[in-house]
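One-letter residues, chain by chain:
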Amino acid sequence: MKQLLTPKKLAIRVGSALLLLAAVMFVCSMIGTETVSLKAVFTGGGTEASINPDYVIFFRIRLPRIILAGLVGAALACAGVVFQVLLRNPLADPYILGISSGAGLGAIIAVISGFNWTLWGRSPIAVFAFSGALGTIWLVWFIGRLTGKFHVTGLLLAGVVVNAFFSALMMFLTSIAKSDQVYATIFWLMGNMKEGDFLVLWIAAGCVVGGIVALFYIGPQLNALSFGADDARSMGVNVAGTRIIAFGIAAGITAVSVSLSGLIGFVGLVVPHGVRLVLGPDHRQLLPLSGIAGAIFLVIADTLARVIVAPAQLPVGVVTAIVGGPLFLILLVKYSRKVNWLK
Amino acid sequence: MNKWLWLLLIVTCWMAIGVAVFGFREGRGHSSTPLPDRIGRIVSLAPNITEILFAIGLGDEIVGVTLDSDYPSDAAEKPKVGTFWQPDIEAVVAAKPDLVITLGFEQQKNLAERLRRIGYNGLTVNIEKVGDLFAAIEKIGAETNRQRQANELTGRIRAKLQRLATLVDTGDNVRVLWVVQREPLRVAGRGTFVNEMIELAGGENAIGPTVHKYPPIGSEQVLASYTGVIIEPTMGGGDIKGQRDRALQYWSKFKYIPAVASNRVYVIDGDKVSRLGPRLYEGTETIARCLRPEIFKNIKQ
Amino acid sequence: MSDIIEIENLSFSYTSETTILKDMSFSIRPGTFVAIAGPNGAGKSSLLNLMCRALKPKSGRIRVDAVAIESYSTQALAAKVAVVRQELVPVFGFTVIETVLMARTPYYGSMGFESKADREIANEALQATDTARFASRPLTSLSSGERQRVFIARALAQNSPIMLLDEPTNFLDLKHQVGVYDLLKAAQVEKGKTIVAVTHDINLAGQYCDEILLLGADSSYHIGKTKTVLVPERIKEIFDIDVFAGRIGREEFFIPLGKFAKNHKKTDKGLKNI
């Protein structure tokens, strides 16, 4: 007997999920290729001449990386939720509208052009990838609108076309690139987590968390939208406004994630399903909890990526695929029994 | 106040605080901490850098190398800090280096940046051409207070190369096809350091200028190249004799090109020629021996 | 009392070549139960969608509660008009009570949660449609008939004076067909709602509806009291089919007659039961 969601219940669930996230992050920060002792960490950073490696590893390498993994996981999971409801398709993920190939194209252009300038000391790949992602979203939206005002099918087709075209461009550029450039690009594409610098992390956190809160605000409208635009409008929901906000935020946080850590698949697809299965489709709950679940998922996946084949590292996208792939198959089988349209 | 306005306000404040606190402080140039007078702990992230360090007498100071640093044999005993393509930043930090030396391509340049941001001293060198190698040796020597040894090393190498040049100066160049991969067929083009070694050894690349550095080519181009010598370096140690047999079998179908007709297909040990490092002369001499075996018949290696 | 829906010179088409609705003018008084019937493609669903602004007319004016329909905000229009569309299979597994509560979305508090009043309204709607026992079950686990009643409950929870329904009894068994019409009639009689329902079943329409609008495929139409408009001549004109009209007590019924129908004979004076 499922009871209705109340503010109190939601607060308790979000609170306990956050505690779980904190615990997972702490445990994972103690895991790595080097052993780090907590005591040594807290003796401070050391002097300029003799840097305390435990401190550096904990605070400047592991923790920033784990925080980034958490942010990216949360962003991708929430974007997945949004695209699944906007497109009324449980198999949608944040990359379905071509964001991935746009970002990838941006990245490979950055690598190949060999730009030596740095944006305030940071590599241009992230900036190019971000612009590529945003540019693609705009392009897909624009093409989709040519088929009539926000026709879902039109948007999906536009995404497929843009994806195909940009992927072809990427293949061409890869074929004429130097070998180390190729390696760098492919590696970036498979998803990677690095310790970002504090400013980048701070701003990303602001964007992602702010975005998720905004999506929570339109939770009830998203619930109504899941019955279709016409029905939602008849119930008094501002469909156009909701769509623009949801789409814009979801695309934005996806672009931020992709530019910081490459293409990490399956998080945006599998996590929303898992949370929906357990807690139901109410978006006021689904959004914050998918975000936290996505963060936990990616932090753990990244930790595995760091240690499984040490001293090398697996791209984190490989880990999420290996874990997420079978999970997705199970969900697909379960869904195809319930929903008619897959037959 | 409306919940949207609250959200906007909080996010804006958040961003402002972030910019104020962290600012663009971290990006402002490479304000590196001054190097200690005696550099006692060095991490090298490339095998040729490791070779250079050993060659200028810094072998003992090395506290971390990548997995593929196998020359000289002492290098193989050093603690590992990851692979050439994926150095492990945690291991680098744990080695407490005074100086970290990396190559200049994207992946490693990025790592050097990150280490510098955390507060470590880094040195990045580009070693893509023969000229770069000498510059890199001198730069490393300058940074580690071993200018004398660095100059001696470059002097030695240059002298030997000069002697070799006069030796092989027979007026005409031998055409060489440098095969790095057989299936699909890939050769070293004119923009590579291998090409420079070939020219120093008195040869000429049988392939004309190409867009790619290591272009894949077809049988047509092999025939058109009219190459007099084919050289295949081995990859990653392995059985030279076995590779030689397979190579001869493969090339036998091209029996009309001069190299195969006059039985001048050579398989050589890849180590000395795949890495641009202090063994530059040794590698170049090996190539010269393939190109003009008669000159070297009486000269010991 | 002014008319609650006024249609003035309404014309509509999807493409520029064909015309579906041509120059229609009529009005509906508040508290009436109107049926819209006609052959396939006549434009019944289009008319319904025009009345809730899901479609825009080519020309003409529509007024809801004496105000032009274009000048309503989405929320304000939803407060006047609730729509029950043809049954759709929901993609996500919302429960019955969650679905019905969604009708109250415009009235949620600032943090996006429903108030006690909203919940009471929803429960009332569930009671009225006899779906309260499914309250916690997911929509996908109900039968078509039960799901249809839930969507009607959702429309009731909107508390709007007008309800538009598009073929609400399609795919329903006899018991549920009658059940839905009883429900709608109760809403009209007890709550004073104006009900406009598109239907294929002219008999049920005849039984329950005060007025009927017959739409012809050629954009012709007739609207008026059921007993005046729903007569065999009109039915033949609009649907192009002969019917046998019968009467039992106060109920009139029509049986469509095809080539192989039993017990009838064509005479000069019309059809006669044998």
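Per chain, the residues get numbers from 1 upward, laid out in the order the sequence is written. Starting at A for chains and at 1 for ligands, labels are handed out in the order in which the entities are written. Selection of residues for local features in this predicted model requires a pLDDT of at least 70, selection of side-chain atom pairs for listing and counting requires 80 or more, and totals for whole chains, interfaces and linings are taken over all residues.

Here's the deal with the interface of chain A and chain B
- Residue-level contacts link 37 residues of chain A with 38 residues of chain B.
- Every element with two or more residues in the side of chain A that touches chain B is listed here: α3 (53–86), α7 (179–189) and α8 (198–217) of chain A.
- All amino acids are sorted into three groups, where Ala, Val, Leu, Ile, Met, Phe, Trp, Tyr, Cys and Pro are nonpolar, Asp, Glu, Lys and Arg are charged, and the leftover types, Gly among them, are polar. Classifying every residue of the side of chain A that touches chain B by side-chain character gives 20 nonpolar, nine polar and eight charged. This entry defines residue contacts through backbone-placed C-beta atoms, with two residues in contact when those atoms are within 7 Å. The helix and strand labels rest on DSSP assignments: H or I over at least four residues marks a helix, E over at least two residues marks a strand, and numbering proceeds from the N terminus.

So, helix α5 (residues 130–143) of chain B
All names here are of chain B.
- Take the residue count of a helix, subtract one, and multiply by 1.5 Å to get its expected span. Taking 1.5 Å of rise per residue, 14 residues should cover 20 Å, and α5 covers 20 Å from first to last C-alpha, within 8% of that figure.
- For α5, the complete set of buried residues consists of Leu133, Ala136, Ile137, Ile140 and Gly141. Here the buried residues of α5 occupy an arc of 130° about the axis, which is enough to place them on one side. Those residues of α5 that are exposed and aimed more than 90 degrees away from the buried face are Gly131 and Ala142. To sort residues by burial, count the other C-beta atoms lying within 10 Å of each one's C-beta; a count of 20 or more means buried, 12 or fewer means exposed, and anything in between means partly exposed. C-beta atoms are built from the backbone. Throughout, the arc means the angular range of directions from the helix axis out to the C-beta atoms.

Some thoughts on the domain arrangement of chain B
Residue and element names in this part refer to chain B.
- Note that the domain bounds reflect an automated or database-derived domain assignment. Here chain B is described as being made up of domain 1 (42–159) and domain 2 (170–298).
- Each of domain 1 and domain 2 has a C-alpha centre, and these two points are 29 Å apart.
- Each side of the interface is counted separately: domain 1 has 13 residues, and domain 2 has 10 residues.
- Those elements giving two or more residues to the side of domain 1 that touches domain 2 turn out to be α2 (47–55), α5 and α6 (147–167).
- Looking at the side of domain 1 that touches domain 2, the element that brings in the most residues is α2, giving five residues.
- A breakdown of the residues in the side of domain 1 that touches domain 2 according to their chemical character gives nine nonpolar, one polar and three charged.

Remarks on α3(A)
Residue and element names in this part refer to chain A.
- End to end, α3 covers 48 Å across 34 residues, agreeing with the expected 50 Å (1.5 Å per residue, within 8%).
- Taking the largest bend as the criterion, α3 deviates by roughly 35°, centred on arginine 62, and proline proline 64 comes between one and four positions later.
- Within two residues after α3, arginine 88 carries a phi angle of roughly 50°, on the positive side. Fitting one axis to the seven residues ending at a residue and another to the seven starting there, the bend at that residue is the angle between the two axes.

Examining the confidence of the model for chain B
Residue and element names in this part refer to chain B.
- What pLDDT conveys is the predictor's confidence in a given residue, as a value from 0 to 100. In this model, chain B carries a mean pLDDT of 85, and residues with pLDDT of at least 70 account for 93%.
- The secondary structure element of chain B with the lowest average pLDDT is helix α11 (residues 271–274), at 82, and the one with the highest is strand β1 (residues 42–44), at 92.
- Overall, residues 27–31 carries pLDDT values under 50, and its contacts beyond four positions in sequence, including any with other chains, amount to five contacts.
- Across the whole predicted complex the pTM is 0.86, and at the interface the ipTM reaches 0.86.

Observations regarding the packing of α8(A) against helix α1 (residues 3–22) of chain B
- Axis separation between α8(A) and α1(B) bottoms out at 9 Å; the angle between their running directions is 175°. Classified by the angle their axes make, α8(A) and α1(B) are roughly antiparallel. Here A:Phe198, A:Leu199, A:Trp202, A:Ile203, A:Gly206, A:Gly210, A:Val213, A:Ala214 and A:Tyr217 of α8(A) lie close against α1(B), whose contacting residues are B:Lys3, B:Trp4, B:Leu7, B:Val11, B:Trp14, B:Met15, B:Gly18 and B:Phe22.
- Within the contact of α8(A) with α1(B), the residues separate by chemical class into 13 nonpolar, three polar and one charged. Whenever a helix is involved, its axis is fitted only over the stretch in contact; in every case the axis is a line through C-alpha atoms, and angles between N-to-C directions fall within 0 to 180 degrees. Here the angle decides the label: under 35 degrees means roughly parallel, over 145 means roughly antiparallel, 65 to 115 means roughly perpendicular, and every other value means oblique.

Focus on the environment of B:Gln162
Residue and element names in this part refer to chain B.
- Considering the arrangement of structural elements, one finds glutamine 162 in helix α6.
- For glutamine 162, a count of 11 C-beta atoms within 10 Å corresponds to the exposed category.
- The sequence separation of glutamine 162 and leucine 200 amounts to 38 residues, and the corresponding C-alpha distance is 8.9 Å.

Comments concerning the packing of α3(A) against helix α13 (residues 283–307) of chain A
Residue and element names in this part refer to chain A.
- Where α3 contacts α13, the two axes come as close as 7 Å, and the packing angle between them is 140°. One way to sum up the angle between α3 and α13 is to call them oblique. As α3 runs across α13, the sense of the crossing is right-handed.
- Considering only residue class, the contact of α3 with α13 consists of 17 nonpolar, six polar and one charged. Handedness of a helix crossing follows the sense of rotation of the near helix relative to the far helix, less than a right angle counterclockwise being left-handed and clockwise being right-handed.

Some points on the sheet that holds strand β2 (residues 62–64) of chain B
Residue and element names in this part refer to chain B.
- Pairing between two strands requires that DSSP report at least two bridges joining them. Read from one edge of the open sheet, four strands run β2-β1-β3-β4, paired in parallel fashion. Looking along the sheet, the strands with just one partner apiece sit at the ends: β2 and β4 (122–125). Taking each pair of neighbouring strands and ignoring which way they run, the sheet shows an average axis angle of 30°.
- By the bridge criterion, four bridges tie strand β3 (residues 99–103) to β4 in an arrangement that is parallel. When the sheet's bridge partners are listed, threonine 102 is paired in β4 with threonine 124.
- Packing against the sheet, helix α4 (residues 106–118) makes contact with β3 and β4, and its axis sits at approximately 160° to β3.
- Lying over the sheet, α5 contacts β3 and β4, oriented at roughly 165° with respect to β4.

Some thoughts on the pairing of strand β7 (residues 162–166) of chain C
All names here are of chain C.
- Of all five residues making up β7, five are buried, and the element is well covered by its neighbours.
- What you see with β7 is no split at all: Ile162, Leu164 and Asp166 on one side and Met163 and Leu165 on the other are buried throughout.
- Bridge count between strand β6 (residues 81–84) and β7: four bridges; the pairing is parallel. From the neighbouring strand, alanine 82 faces β7, where its bridge partner is methionine 163.
- Think of it like this: strands point away, you trace from the first strand over the helix to the second, and a clockwise trace means the crossover is right-handed. For the segment spanning β7, helix α6 (residues 174–191) and strand β8 (residues 194–198), crossover handedness is right-handed.

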